[in-house]
Amino acid sequence: MHPHAKSYRGRFAPSPTGPLHFGSMVAAVGSFLQAKSRGGEWLVRMEDIDPPRVVPGAADDILRTLEAFGLHWDGAVMYQSRRHGVYEAAMKMLERLDVIYPCACSRREIADSSVSGVDGPVYPGTCRTGLPAGRAPRAWRVRVIGRETEFVDAVQGRVIRDLAADFGDFVVWRADGYFAYQLAVVVDDAEQGITEIVRGADLIESTPRQMHLQNLLGLPTPDYLHLPVALNARNEKLSKQTLALPVDTAHPQQLLLRVLQFLGQDPPPVLAESNLDDFWSWAVTHWNVSRVPRLPGVVVETPSGGSV
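Residues numbered from 1 in each chain as written. Predicted model: local features only at pLDDT ≥ 70, side-chain atom pairs only at ≥ 80, totals over all residues. Heavy atoms only, no water.

### Focus on unusual backbone geometry
Even without glycine at this site, aspartate 98 takes up a positive phi of about 60 degrees. Among the structural elements, aspartate 98 can be located in the loop between α3 (84-96) and β4 (100-103). Phi is positive for asparagine 235, which is not a glycine, with a value near 60 degrees. Within the secondary structure, asparagine 235 sits in the loop between β13 (229-231) and α8 (252-262). (Helix = DSSP H or I, 4+ residues; strand = E, 2+ residues; numbered from the N terminus.)

Given below as structure tokens:
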């Protein structure tokens, strides 16, 4: 048994905006294998904090799909939509610490007065010292400091970011009245005792901001592992927006074999004909994170040899 078996806890946190597709399964399988190969727990959390994007029935469909693929989670499923009081308490703590402030700026105003950062416009600090006269608050932002934040990702390597130069003060309460992703994720990961966050590399730029919030709230910082995201032939991330097809639950082993190959593992083709218990037994035993491509994204090859 792995020496950290009793302490490892991972998670898969999909947004229920539609059915799971190949890219979703990469994150699910990678996080599952990382947890189970260490004898740890694997939790599922529904990140349904953004009601306008949530598709009715999608959460239940996602859970049924995971079960069909033999991806059995530990404990109860957490739903962000039921946790507003917890996020509100975190906001109040940040307010007591005097590290957040109201912002009246619109997206257009920010776009017109900002420079581009690593993950969108860098907020120029317009409302940092107070709201302009006659303006009402739209969102709340957390102050960042101009120093380097560094972490070593288990796949992508060393990442160094300057919060002020690369992101600027970022939103924790949105103009549409919802809690921001960054705040909710930090609070949830701490409450669930997540020791390593395994997710797609498209979210790697969220990590420095989440680490900043962890420090402010006195929460532990987990380890990080950002898997390459699945890309189509146009180098676009597979997603609902790029018309990614839902996974076929009728033949789970065939798709799972492709996911293992995408993640750099070397599964024997005969696994596609095995039962799910035998498939996962092989996959957990042979999981080798050092073989995962150290790239932010990889084009998905179709079974016929072309790309999607």
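### A closer look at the environment of proline 16
Inspection of the secondary structure assignment puts proline 16 in the loop between β1 (9-12) and α1 (22-36). Measuring from C-alpha to C-alpha, the distance between proline 16 and aspartate 61 comes to 8.7 Å, with 45 residues separating the pair along the chain. Leaving out residues up to four positions away in the same chain, proline 16 has contacts with Met46, Glu47, Asp48, Arg53, Val54, Val55, Ala58, Ala59 and Ile62. (Contact = heavy atoms within 4.5 Å.)

### Some thoughts on the sheet that holds strand β10 (residues 170-173)
Across the sheet, 3 strands lie side by side as β4-β7-β10; this open sheet has antiparallel pairing. The sheet is open, and its two edges are formed by β4 and β10, each paired on a single side. Each adjacent strand pair in this sheet contributes to an overall mean axis angle of 45 degrees, direction not counted. In this sheet, strand β7 (residues 139-142) lies alongside β4 in antiparallel orientation, the contact comprising 4 bridges. The partner of tyrosine 101 across the bridge, within β7, is arginine 141. Against the sheet, α3 engages β4, β7 and β10, with an angle of about 100 degrees to β4. Relative to the sheet, helix α7 (residues 206-217) contacts β7 and β10, its axis offset from that of β10 by approximately 55 degrees. (Pairing = 2+ DSSP bridges. Axes fitted to C-alpha atoms, helices over the stretch in contact; angles between N-to-C directions.)

### Some thoughts on the packing of aromatic side chains
What the rule picks out here adds up to 8 aromatic pairs. Ring centres 5.8 Å apart and planes at 55 degrees place the aromatic pair phenylalanine 151 and tyrosine 224 in the tilted group. With phenylalanine 151 in strand β8 (residues 148-153) and tyrosine 224 in strand β12 (residues 223-227), this residue pair connects regions lying 73 residues apart in the sequence. Classification of tyrosine 224 as buried rests on a relative accessible area of 3%. On the basis of an interplanar angle of 85 degrees and a centroid distance of 5.4 Å, the ring pair of phenylalanine 279 and tryptophan 280 is categorised as edge-to-face. Given the relative accessible area of 0%, phenylalanine 279 is considered buried. Seen from the ring of tyrosine 79, arginine 82 lies directly overhead, with NZ or CZ sitting 4.1 Å from the centre. (Phe/Tyr/Trp six-rings, centres within 6.5 Å; stacked < 30°, edge-to-face > 60°. Buried < 20%, exposed > 50% of the residue type's maximum accessible area, 1.4 Å probe, protein only. Lys NZ or Arg CZ within 6 Å of the ring centre and 35° of its normal.)

### As for the packing of α8 against helix α9 (residues 276-286)
For the pair α8 and α9, interaxial distance at closest approach is 11 Å and the crossing angle is 10 degrees. By the angle between their directions, the pair α8 and α9 is classed as roughly parallel. Taking contact as the criterion, the partners of Pro252, Gln253, Leu256, Leu257 and Leu260 in α8 are, on α9, Leu276, Phe279, Trp280, Trp282 and Ala283. Class assignment for the residues of the contact of α8 with α9 results in 9 nonpolar, 1 polar and no charged. (Parallel < 35°, antiparallel > 145°, perpendicular 65-115°, else oblique. Nonpolar A, V, L, I, M, F, W, Y, C, P; charged D, E, K, R; others polar.)

### Examining the pattern of salt bridges
Across all of its chains, the model carries 18 salt bridges by this definition. A salt bridge links glutamate 47 to arginine 45, with the nearest nitrogen and oxygen atoms 3.3 Å apart. Between aspartate 188 and arginine 83 there is a salt bridge, and its shortest N-O distance comes to 2.7 Å. With a gap of 105 residues between them, aspartate 188 in helix α6 (residues 181-191) and arginine 83 in the loop between β3 (78-79) and α3 connect regions that are remote in the sequence. In the salt-bridge network here, residues are joined through shared partners; they are Arg11, Arg45, Glu47, Arg83, Asp188, Asp189 and Glu191. (Salt bridge = Lys/Arg side-chain N within 4 Å of Asp/Glu carboxyl O.)

### What to know about the state of the cysteines
With the rule as written, the count across this model stands at 0 disulfides. Just so you know, cysteine 103 is unpaired, no disulfide at all, and the nearest cysteine sulfur is the one on cysteine 105, 3.9 Å from it. In this model cysteine 105 remains outside any disulfide bridge; the closest cysteine sulfur is found in cysteine 127, 3.8 Å from its own. (Disulfide = S-S within 2.5 Å.)

### Let's talk about the side chain of arginine 11
Position of arginine 11 relative to the elements: it lies in strand β1. Judged by its relative accessible area of 5%, arginine 11 is buried. Residues in contact with arginine 11, not counting those within four places in the same chain, are Ser31, Trp42, Leu43, Arg45, Val185, Asp189, Ile194, Ile197, Val198 and Arg199.

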